[in-house]
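Structural characterization, general
Take a look at the letters that make up each chain.
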Amino acid sequence: MSPRHPAGSTNAENPMPSSPILLTMGDACGIGPEIAVAAWAKDRGTDLRLVGDVGVYRRALRFMGLDLPVALLARSDDIAPPDCLPVWQPPGLPAGLLAQPLGRVSAGAGAAAARCIVAAVHEQQAGRSRALVTAPIHKEALHAGGVDHPGHTELLQALCADAQGQLPPVRMMLANDELRVVLVTIHVSLRQAVDQITAGRVLQTLRIADAALKRAGIAAPRIAIAGLNPHAGEGGLFGDEEIQHIAPAIAQARTLGIDAHGPFAPDTVFMRARHAPPAHPGEFDVVVAMTHDQGLIPVKYLGVEQGVNVTLGLPLVRTSPDHGTAFDIAGTGRADPASMAAAIRMARAMSA
């Protein structure tokens, strides 16, 4: 990642690291396998390994009109012959994935997606991978497959618990070439999210965001904080969360050397942070938003095809495309791998 923007840039397109980047299959009934093989075919990076069912990947190649041989790897860090799709099929994948109907919720596909994630995380924890890129999963399929976590973020958090079972504090960052946003709250109801806006949680988010951007090469990240209420509360007229929780967290962050500013009115702060040179260089490197939709709507409006989801706070690098399983176009060959390609570039930049 460059010292400022673009958010997903990297100085080396195909580095030769000691350990690979693992790309998980996602939901086999969605477009995950298709965008995975298409992104690999365009990238041909020697540092990429695809994790999942080899039959599903062969089918995805056909869907995308790609005539490529598949190399089935014995280990995740094995090297495939040149121009062969490198696939590591972890043990324990459910049988019969090719029989599952495309574009529909499948317990088997959900279980397989989870198994790929678990296996890839274990490989990274064992030092055989340096980063993880995840293709989209379907939350309903994941639950049907016996996984008691709402989505990727929560599953990854559980897999990275310490020996005492303590979960690492994590945050979701969505980024594209023009805007980065980190969320204080994610997959909870809006009513619950408001209750979760505390000074401690906001400060923790600021610390996680600051540390992550510094690791990505930004020496002194400029962080803008969005208010929760319209006009950032207008001095308490429209709510006092800014006064009671958000402003104190910002003040404490500044005492820790974090370049934090706000709270700003949420209807304008994203425009101020948007980096679209030369006419509009961004004032900030990242915006911390209070709720899921408050932060993700502006990023996705700028282009889902270039968006990248990054989980911050984990003891490993994880990125993902900023879109879902797209059941409606699965198997048609129309899936756009641009967001997956952006996720691969960002994984490289963050694990270099």
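As the structure is a computational prediction, the values presented were derived from the model and not from experiment.

Details of the pattern of salt bridges
- Applying the stated criterion to the full structure yields twelve salt bridges.
- The residue Asp 47 makes a salt bridge to Arg 130 at a minimum N-O spacing of 3.4 Å. With a gap of 83 residues between them, Asp 47 in the loop between helix H1 (32-43) and strand S2 (48-51) and Arg 130 in the loop between helix H3 (107-125) and strand S5 (131-134) connect regions that are remote in the sequence.
- One connected set of salt bridges, linked through shared partners, spans Asp 43, Asp 47, Arg 130 and Arg 348.

Overview of the pairing of strand S4 (residues 85-88)
- Side chains Leu 85 and Val 87 project from S4 onto one buried face, and the interleaved Pro 86 and Trp 88 project onto a second face that is buried too.
- Here two bridges tie S2 to S4, and the two strands are oriented parallel to one another. Paired with Leu 50 across the bridge in S4 is Val 87.

Some points on the packing of H3 against helix H5 (residues 152-159)
- Running from amino to carboxyl end, H3 crosses H5 at an angle of 40°, the nearest separation of the two axes being 11 Å. Considered as vectors, H3 and H5 are oriented oblique to each other. For the pair H3 and H5, the sense of crossing is right-handed. Contacts between H3 and H5 involve Ala 114, Ile 117, Val 118, Val 121 and Gln 125 from the first element and His 152, Leu 155, Leu 156 and Leu 159 from the second.
- The residue inventory of the contact of H3 with H5, partitioned by class, reads seven nonpolar, two polar and no charged.

Things to note about helix H2 (residues 54-63)
- Most of H2 sits out of view: seven of its ten residues are buried.
- Listed as buried for H2 are Val 54, Gly 55, Val 56, Tyr 57, Arg 59, Ala 60 and Leu 61.
- Of the surrounding secondary structure, the elements contacted by the buried residues of H2 are strand S1 (21-24), H1, S2, strand S3 (70-73) and S4.
- The opening residue of H2 is Asp 53, an N-cap whose side-chain oxygen sits 2.9 Å from the backbone nitrogen of Gly 55.
- Directly after H2, the chain includes Gly 65, whose backbone phi takes a positive value near 70°.

Description of the nonpolar core
- Formed by 89 residues in total, the largest nonpolar core has its most connected members in Leu 85, Leu 206, Ile 225 and Met 290.
- No other element matches H3, which puts eight residues into this core.
- Composition of this core by domain shows at least three residues from each of domain 1 (18-168 + 314-351) and domain 2 (170-312).
- Membership of the second largest hydrophobic core comes to 17 residues, among which are Leu 174, Ala 224, Ala 273 and Val 299.

What to know about the pairing of strand S6 (residues 171-175)
- Counted residue by residue, S6 has five buried out of five residues, so it is predominantly covered.
- Here S6 shows two buried faces, one formed by Arg 171, Met 173 and Ala 175 and the other by Met 172 and Leu 174.
- Across five bridges, the pairing between S6 and strand S11 (residues 308-312) is antiparallel. When the sheet's bridge partners are listed, Met 172 is paired in S11 with Thr 311.
- In the sheet, S6 pairs with strand S7 (residues 180-183) via three bridges, with the strands oriented antiparallel. The residue bridging Met 173 from the neighbouring strand is Val 182, located in S7.
- Where S6 hands over to S7, the hairpin turn is made up of four residues, counted between the paired strands.

Quick notes on the rules
- Residues numbered from 1 in each chain as written.
- Predicted model: local features only at pLDDT ≥ 70, side-chain atom pairs only at ≥ 80, totals over all residues.
- Heavy atoms only, no water.
- Salt bridge = Lys/Arg side-chain N within 4 Å of Asp/Glu carboxyl O.
- Helix = DSSP H or I, 4+ residues; strand = E, 2+ residues; numbered from the N terminus.
- Buried < 20%, exposed > 50% of the residue type's maximum accessible area, 1.4 Å probe, protein only.
- Pairing = 2+ DSSP bridges.
- Axes fitted to C-alpha atoms, helices over the stretch in contact; angles between N-to-C directions.
- Parallel < 35°, antiparallel > 145°, perpendicular 65-115°, else oblique.
- Left-handed = near helix turned anticlockwise from the far one by under 90°.
- Contact = heavy atoms within 4.5 Å.
- Nonpolar A, V, L, I, M, F, W, Y, C, P; charged D, E, K, R; others polar.
- Polar contact = N/O pair within 3.5 Å; in protein donor to acceptor, adjacent residues only side chain to side chain.
- Core = buried A, V, L, I, M, F, W, Y, C linked by side-chain atoms within 4.5 Å.
- Domains from an automatic or database assignment.

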